[in-house]
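Geometric and topological summary
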Amino acid sequence: MSTVGSPVLLLAPLYPPTQAELEAGYRVVRLWEAADAGAQLDAIAADCRVAVTHSGRGIDRATIERLPRLELVANFGVGVDAIDLDACRSRGIAVTNTPDVLTEDVADLALALLLAAVRRIPQGDRFVREGRWAKGPMGLTQSLQRRKVGIVGLGRIGAAIARRCAAFNTELGYFGPRRKAGVDYRYFDDIVALAGWADVLVAACPGGPDTAKLVSRAALEALGAEGVFVNIARGSVVDQPALVELLVAGRLGAAGLDVFDDEPNVPPELFALENVTLQPHQGSATHPTRAAMGRLVLDNVAAWAAGRPLATPV
Ligand code: NAP
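None of these values were measured; they are calculated from a predicted model.

This part covers the overall build of the chain. Within the chain one finds 11 helices and 12 strands. A principal-axis box enclosing the C-alpha atoms of the chain has dimensions of 65 × 50 × 30 Å. Classification of the 314 residues of the chain by burial places 49% in the buried group. Sequence separation of at least 24 residues holds for 56% of the intrachain contacts in the chain that already meet a minimum separation of 6. Separation between the mean location of the 32 positive side-chain charges and that of the 35 negative ones in the chain comes to 4 Å.

Below, the structure is given as structure tokens:
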């Protein structure tokens, strides 16, 4: 990797091997360690042309505006909802992300949450650990076989979830901005209609203002007291207060949640609910996938430094 003299702004810690390799090749400025972040940005403003961040941190307009020579924002993660894309576009700043390499792991976790909800796996685990089995059987659960699964956002991850669901003999439907060519799953142009049809609704669309509260109270009510909601997309895509309220009231059957509004804060009402499985945003959090994501970040920065086409522009 070539050494670039101008500073690379790193907004938050990365997967450690990726950060180590970045720091070996570039003069990296760790913004989160600065006593005064504004003063740090001003100190590098004259020659900082690259910023590296991750999906949970992003980069806001105010930070972008303090860096008049910025040319590239390289994101560790596929979701770019925390990056002010309008601010980047208006300045001609390129943005890269890490698509594809995380798709299968995220889809695996979606199925794990789905199965946990339908087959009540965490409840069974607690039942055994707490010694309740000796006093009698746990009772029956729902089955995933021949159930209807509705996917919100049939992109890379949504399609990978659908492929896995097909192996469980489910019927598949989806909602998105447009019908997908060559896909024979049932298309719904209305999310409430999809939720009313589905036994299980899985959110796999991007976050950001366009999808805020897309999984609305009405959609969750349509899913109903036997329905299961799985979210591996973003907390912002669901009406979280309505989700919590309906789960507490028993008007939504179960949920498997990897993502939340205002992470790492999780509504405490969820902790008491038997029918909810919670994950701390672990969709892509495996060693091989994080290494592959890091490789893409490094490739993009190296391509920019060498004047080559970026590997994965947004
Ligand atoms: P992708 O290939 O771009 O797929 C996104 C899909 O969402 C596309 O099919 C798109 O439809 C659809 N979509 C766009 N706007 C929509 C809307 N308003 N309503 C419904 N669907 C909409 O992206 P991906 O790689 O599958 O990633 C999807 C998202 O997963 C990311 O943006 C990120 O938020 C989330 N994610 C979460 C984790 C985790 O750890 N939990 C990890 C990685 C990613 P068109 O194709 O018709 O445009």
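Once the structure has been displayed, the description carries forward.
Next up on the list: the site of the ligand. Around the ligand, a shell composed of 28 residues is seen, among which Ile-157, Arg-178, Lys-180, Ile-232 and Asp-258 lie nearest. In this structure, an oxygen atom belonging to the ligand sits 3.0 Å away from a main-chain N or O atom of Gly-155. Computed on the free molecule, the ligand has an accessible area of 930 Å², of which 84% lies beneath the protein chains in the complex. The residue makeup of the shell around the ligand, split by class, is 14 nonpolar, nine polar and five charged.

Time to look at helix α10 (residues 240-248). Residues Gln-240, Ala-242, Leu-243, Val-244, Leu-246 and Leu-247 constitute the buried set of α10. Where the residues of α10 are buried, they touch α9 (217-223), β10 (228-231), β11 (254-257) and β12 (276-278). Directly after α10, the chain includes Gly-250, whose backbone phi takes a positive value near 75°.

Under the criterion given, the structure shown has 20 salt bridges. Across the salt bridge formed by Glu-130 and Arg-132, the nearest N and O atoms sit 3.0 Å from each other. What makes Glu-130 partly exposed here is its relative accessible area of 48%. We classify Arg-132 as partly exposed; its relative accessible area is 33%. Connected via shared salt-bridge partners are Glu-104, Asp-108, Arg-163 and Arg-164.

A few words now on the pairing of β10. Of the two faces of β10, the one carrying Val-228 and Val-230 and the one carrying Phe-229 and Asn-231 are both buried. Of the pairings in the sheet, the one linking strand β9 (residues 200-203) to β10 comprises four bridges and is parallel in character. Pairing of Val-200 across the sheet is with Val-228, part of β10. Considered for its hand, the β-α-β crossover made up of β9, α9 and β10 is right-handed. Sheet analysis places β10 next to β11, joined by four bridges and oriented parallel. Bridging across to β11, Val-230 finds its partner in Gly-256. In this fold, β10 hands off to α10, which returns the chain to β11; that crossover is right-handed.

About the cut-offs
- Residues numbered from 1 in each chain as written.
- Predicted model: local features only at pLDDT ≥ 70, side-chain atom pairs only at ≥ 80, totals over all residues.
- Heavy atoms only, no water.
- Helix = DSSP H or I, 4+ residues; strand = E, 2+ residues; numbered from the N terminus.
- Buried < 20%, exposed > 50% of the residue type's maximum accessible area, 1.4 Å probe, protein only.
- Contact = heavy atoms within 4.5 Å.
- Lys, Arg positive; Asp, Glu negative; His and termini not counted.
- Charge placed at Lys NZ, Arg CZ, Asp CG, Glu CD.
- Near = heavy atom within 4 Å.
- Polar contact = N/O pair within 3.5 Å; in protein donor to acceptor, adjacent residues only side chain to side chain.
- Areas by Shrake-Rupley, 256 points an atom, 1.4 Å probe, with all protein chains shown as cover.
- Nonpolar A, V, L, I, M, F, W, Y, C, P; charged D, E, K, R; others polar.
- Salt bridge = Lys/Arg side-chain N within 4 Å of Asp/Glu carboxyl O.
- Pairing = 2+ DSSP bridges.
- Right-handed = clockwise from strand over helix to strand, strands pointing away.

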